[in-house]
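# Coordinate inspection notes
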Amino acid sequence: MMRLKKKSLRLNFEKFSNEITNLKMSILRIVKQVKKEFRLLWADKFNIMLAIVMPPLIIVMLGFTMTDDSNQMQSIPCIVVSYDSNTFINENDLVESKLDHYAIPYLNAVNKSDLLDLVRFYNATEEIYAMEQARNALISGSIKVILSIPVAFTEMLEWGLPGLIDCILDASNILYIQQSLNAVYDSIKIFINDTNLTPQFEVHGFEEFTIPEGYSSSFNSSIVMALSFMVFGIAFVLSILVIVQEKPIARLLLTPLKRSEILTSKYIAYMLVLLLQVTLLVITSLSMGLYLAGSILDLFIALFIIGFSGLALGVFISSQSKTKTQANQLFLAAYLVIILLSGIFIPIENMPSFLQFFAYVLPLSHGDPMIRGIITKGQHVFGMHFFWLFIISLILIIISFVIFRRRKYEV
Amino acid sequence: MVNVENLNVKFGENHVIHDVNFIVNQGEIIGLFGISGAGKTTIVRVLTCQIEKKHWTGNVKVTDLSPAKKTNHSLILTNIGYVPQLELLNLYFDLSPIDNVEVFTSTYGKNKKEAIKIAKSLFKILDLPEDTWNKRVKHMSGGEKKRLSMAIGLIHRPSVLFLDEPTTGVDASKRYDILTYLKKLNQTLNTTMFIITHDLESALICDKAAILREGKLLEFDTPQKLISSLPSKGLVARFTVEHLNEKLIDYIKKFSAIKTLLRVGNEEIEVLMDDFEENLPKLIQYMIDNNIKINSMSKDFASFRRYFQIRIQEEEEKEKKFKDSEGD
């Protein structure tokens, strides 16, 4: 019995020791395989550099852009239009108007506020097109707020009644609404401190930016943001592997076909796809209830040029990437940076100046305001944003041609 | 058709091709043989306008045009076809064979209908099953892809076709099929062919063989003539010797008539001698007298493989002697 027990123990021990040996061998094999994986990773240094350096770099960029200060606009550009004037006949028998005495302290309060930047002041009783000019400035995007001092503002305050200041906001970009309100509050606060009087203000979204009844405001506010992202992103991702993935290019180069012809044909093919994509986007957006203040043609051209910049960037990355992995990594890194610095989350004006420069070079920083302008303000497509997008795309295309000409192919 | 005079290729300090000369006539099949790094691909890359003129010197003409002039490149590339070693580099796997034909013929400005007609005739010569013509290339077998690749190389009816390792990656039985197809195409279309290969069996279909070693052209002639240049016109005695080892080999080598002795198997040797018929019985006697047990013996003409082996071995020995003398 004892012998049997001993034998069984010895067998168990042998089994256990075999298991341990197997485990040791397995660990050794895994260690060797891990070593091999590192060797392979190290073989493509650019890739590993991207994987290691890019994420902290993005965090650093976030750190610079997403500060508490960046939520507060430096100053909101505004125009003050005053209807509060005294009209009288001067000695030359001419009608003259003079600002009433509480319009001036409010104007001073606006000037004193660090959060408002008084771009222009109009005395509406003298300049009959004052409000029209102010509205044009709002549409063009050069100001964010119109502050309108009403007729009898002074009298109302003197009689102890609430003098109502009309505050007309650029509500096309949600980012600016709260900031603009904060700035207007600031000016009222200063006015109260200076005069010990309490005016009130009434906020309106600029009526031309408002969505008529029957249109969904939530759909419209989200589609405005999504359109530029979508068209840029899809064109970008579609073209990212266009060169790096096509192995028979090497063989095509042993025919009379020229490198410039290969690249040109790629651009043409992808532009046609983009054309179809943009057409479908416009049709579906409109049929789903997009309220378009501008023209359909402007929107179409704007979406096309945004997509084209995505295409140019995609081909550029593809032309200089050695492997598919490298192209994909670069795509991810570039797209993250482009979104982050597009001005959609943080106004570009609030970023540090070196990042502002960088942001203005990126396509979406021009694409988003352009689309927003056309849809919400009825702006025309051919402006600075279009020009910049065109220039950026052109530069990328030229660089891509140069790189592709020098790219080494061997069959 | 193709003229190469004093071709030298240098990449910086690296002199990769040394004074190569050869002439190839219309309709010939040329085999470029050599171990890796011999310079086969480099020569073809010069002929196919892939190497910039600043890297090479010499008088080279392909279809009477010099690749030295950039303005000739387009015409040369129209006159030649190229079949790369890897089908991945030659075919769009997500397209059908017919689509691939369209892609490549369009680069030569050929008419689509005519191209498809040519393609179909080539597909028939190459026995590409008709049901694969309109299916995606990725669904074809390895051999089918290889043959399609050849058809694509010939689609514009080039005067010269360059084939890089056409039999590599094909199993042994199919290798001969590929060679047969190539010969068939050559005979039907009278296309000049350059075959870059490690596969010495390809010499079977070659009109001329170029043997290269370290950038130098060692031989350029018909395989038959090259084999005939061996002692006794290439007659070889093959022996199976019991317990064959290096010591025994050295002992056999002492027989004075032996020019070359090669160990070709575990217990097999091949022997080349002067005055073969006269010396063979003497060699057998010599081996018996020295208690070397011969299990079997046969005589045959040397294959091209054997010729290549001997020629490379000779060159290596020459080089070794030269190095030794320099060392002394």
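All figures in this text were calculated on a predicted structure; none of them were measured in a lab.

What follows covers the interface of chain B and chain A. Contact with chain B, which involves 20 residues of that partner, is made by 13 residues of chain A. Summed over both sides, the interface of chain B with chain A buries roughly 1,500 Å², with 63% coming from carbon and sulfur. Broken down residue by residue, the surface that chain B buries against chain A is led by Leu89, Tyr92 and Thr107 of chain B, which jointly contribute 35%. On inspection of chain B and its partner chain A, the count reaches one salt bridge. Two residues, Glu410 of chain A and Arg45 of chain B, come together in a salt bridge whose shortest N-O distance is 3.5 Å. Counting every contact that joins chain B to chain A gives three residue pairs in polar contact (both at pLDDT 80 or more). Broken down by secondary-structure element, the contributors of at least two residues to the side of chain B that touches chain A are α2 (73–79), α3 (97–106) and α5 (142–154) of chain B. Examining the composition of the side of chain B that touches chain A, we find that three residues originate from one element, α2 of chain B, more than from any other. Residue composition of the side of chain B that touches chain A, grouped by class: 11 nonpolar, seven polar and two charged.

It is worth spelling out the pattern of salt bridges at this point. Residues and elements named next belong to chain B. Per the counting criterion, the structure on display carries 27 salt bridges over all chains. Here Asp94 ties to Lys138 by a salt bridge, and the two come within 3.1 Å at their closest N and O atoms. Linking Asp94 in the loop between β5 (80–83) and α3 with Lys138 in the loop between α4 (112–125) and α5, this pair joins segments that are 44 residues apart in sequence. Here Lys138 falls in the partly exposed class, since its relative accessible area comes to 39%. As a salt-bridge pair, Glu314 and Arg311 come within 3.7 Å of each other at their nearest N and O atoms. In this pair, Glu314 and Arg311 are both assigned in helix α10 (residues 304–327), three residues apart and thus about one turn of the helix distant. Through salt bridges that share partners, Glu219, Arg311, Glu314, Glu315 and Lys318 make up one connected network.

Accessible area lost during the coming together of the parts is what is often quoted as the interface size. All names here are of chain B. We note that the domain assignment places domain 1 (2–221) and domain 2 (227–327) within chain B. A C-alpha centroid distance of 36 Å is found between domain 1 and domain 2. Contact with domain 1, which involves 13 residues of that partner, is made by nine residues of domain 2. Buried area between domain 1 and domain 2, summed over both chains or domains, comes out near 1,100 Å², and the portion from carbon and sulfur atoms is 68%. On the domain 1 side of the contact with domain 2, Leu200, Ile211 and Arg213 bury the most area, a combined 50% of that side's loss. The interface formed by domain 1 and domain 2 holds three salt bridges in total. Among the salt bridges present, the one from Glu319 reaches Arg213, with a minimum N-O distance of 2.7 Å. Taken together, the connections running from domain 1 to domain 2 amount to three residue pairs in polar contact (both at pLDDT 80 or more). Among the elements of the structure, β8 (208–213) and β9 (216–221) are those that each provide at least two residues to the side of domain 1 that touches domain 2. Looking at which element gives the most residues to the side of domain 1 that touches domain 2, the answer is β8, with four residues. For the side of domain 1 that touches domain 2, the class distribution of residues is eight nonpolar, one polar and four charged.

Attention shifts here to the sheet that holds strand β12 (residues 268–273) of chain B. Residue and element names in this part refer to chain B. The antiparallel open sheet is built from four strands, whose spatial order is β11-β12-β10-β13. Edge strands, defined here as strands with exactly one partner in the open sheet, are β11 (258–263) and β13 (294–301). Neighbour-to-neighbour, the strand axes of this sheet turn through a mean angle of 20°, independent of strand direction. The sheet contact formed by strand β10 (residues 235–241) and β12 spans four bridges and is antiparallel. Among the inter-strand pairings, Thr240 is bridged to a residue of β12, identified as Glu268. Sheet contacts for helix α8 (residues 246–253): β10, β11 and β12; angle to β11, the most-contacted strand, approximately 165°. Contacts from helix α9 (residues 276–289) reach β10, β11, β12 and β13, with the element oriented near 15° to β10.

On to the nonpolar core, then. One finds Leu7, Phe194 and Phe304 of chain B to be the most contacted residues of the largest nonpolar core, which totals 163 residues. If one sorts the elements of this core by residue count, helix α10 (residues 296–320) of chain A sits on top with 12 residues. Other than its neighbours up to four places away in sequence, Phe194 of chain B contacts Val2, Phe22, Val24, Ile30, Leu32, Leu47, Val160, Leu161, Phe162 and Leu163 of chain B. One finds Ile76, Cys78, Leu157 and Ala183 of chain A within the second-largest nonpolar core, a separate group that totals 26 residues.

Evaluated as defined, the whole model comprises 23 aromatic pairs over all chains. Ring centres 5.6 Å apart and planes at 50° place the aromatic pair Phe232 of chain A and Phe236 of chain A in the tilted group. Here the residue Phe232 of chain A and the residue Phe236 of chain A both occupy positions in helix α7 (residues 217–239), the gap between them amounting to four residues, near one helical turn. Here the two residues Phe232 of chain A and Phe236 of chain A agree in accessibility, since each one is buried. Three or more aromatic residues link up through ring pairs in this structure, and these residues are Phe232, Phe236, Phe331 and Tyr335 of chain A. Sitting over the face of the ring of Trp56 of chain B, Lys53 of chain B holds its NZ or CZ atom 4.5 Å from the ring centroid. Just above the ring of Tyr176 of chain B sits the side chain of Arg175 of chain B; from NZ or CZ to the centre is 5.6 Å.

For the rest of this paragraph, the subject is the sheet that holds strand β1 (residues 76–82) of chain A. All names here are of chain A. Read across the sheet, five strands follow the order β4-β1-β5-β6-β7 without closing on themselves; strand pairing throughout is mixed. At either end of the open sheet lies a strand with only one pairing partner, and these are β4 (116–123) and β7 (200–205). The average undirected angle you get between the axes of adjacent strands in this sheet is 20°. Taken strand by strand, helix α3 (residues 103–112) contacts β1, β4, β5 (145–149) and β6 (164–169), and its axis lies near 155° from that of β4. The strands that helix α4 (residues 130–140) touches are β1, β4, β5 and β6; relative to β5, the one it contacts most, it runs at about 160°.

Looking now at α9 of chain B. An α-helix turns once every 3.6 residues. As a result, residues three or four positions apart point the same way. Residues and elements named next belong to chain B. Taking 1.5 Å of rise per residue, 14 residues should cover 20 Å, and α9 covers 19 Å from first to last C-alpha, within 8% of that figure. Against β10, α8, β11, β12 and β13 lie the buried residues of α9. Backbone geometry just downstream of α9 places Asn291 in the positive-phi region, at approximately 55°.

Before going further, it helps to examine the pairing of β12 of chain B. Two faces, one strand: in a regular strand the side chains alternate between the faces of the sheet. All names here are of chain B. With five of six residues buried, β12 is to be regarded as a mostly interior element. Direction of pairing for β11 relative to β12: antiparallel, over a ladder of five bridges. Within β12, the residue paired with Arg263 across the bridge is Ile269. The loop that links β11 with its antiparallel partner β12 comprises four residues.

Okay, the layout of surface pockets next. Over the atoms rolls a probe the size of a water molecule, and in doing so it shows where empty space is left. For the largest pocket, the calculated volume is near 1,200 Å³. In terms of lining residues, the largest pocket is bounded by 34 residues, among which Arg259 and Arg405 of chain A together with Cys49, Glu52 and Lys70 of chain B are the most central. Listed by contribution, the elements that provide at least two residues to the lining of the largest pocket are α9 (259–287) and α14 (384–406) of chain A together with α2 of chain B. Here the element with the most residues in the lining of the largest pocket is α2 of chain B; it accounts for three residues. Its residues assigned to classes, the lining of the largest pocket shows 14 nonpolar, eight polar and 12 charged. Elements with a contribution of two residues or more to the lining of the second largest pocket: α9 of chain A together with α3 of chain B. At five residues, α9 of chain A tops the list of elements feeding residues into the lining of the second largest pocket. Here the residues of the lining of the second largest pocket are counted per class, giving 13 nonpolar, four polar and six charged.

Rules behind the numbers
Residues numbered from 1 in each chain as written. Chains lettered and ligands numbered in written order. Predicted model: local features only at pLDDT ≥ 70, side-chain atom pairs only at ≥ 80, totals over all residues. Heavy atoms only, no water. Contact = heavy atoms within 4.5 Å. Buried area = accessible area lost by both parts, 1.4 Å probe. Salt bridge = Lys/Arg side-chain N within 4 Å of Asp/Glu carboxyl O. Polar contact = N/O pair within 3.5 Å; in protein donor to acceptor, adjacent residues only side chain to side chain. Helix = DSSP H or I, 4+ residues; strand = E, 2+ residues; numbered from the N terminus. Nonpolar A, V, L, I, M, F, W, Y, C, P; charged D, E, K, R; others polar. Buried < 20%, exposed > 50% of the residue type's maximum accessible area, 1.4 Å probe, protein only. Domains from an automatic or database assignment. Pairing = 2+ DSSP bridges. Axes fitted to C-alpha atoms, helices over the stretch in contact; angles between N-to-C directions. Core = buried A, V, L, I, M, F, W, Y, C linked by side-chain atoms within 4.5 Å. Phe/Tyr/Trp six-rings, centres within 6.5 Å; stacked < 30°, edge-to-face > 60°. Lys NZ or Arg CZ within 6 Å of the ring centre and 35° of its normal. Expected span 1.5 Å × (residues − 1). 1 Å grid on protein atoms, 1.4 Å probe; cavity = no way out; pocket = protein on both sides within 12 Å on 5 of 7 lines; lining within 4 Å. Points joined across faces, edges and corners; volume = space filled by probe spheres on them.

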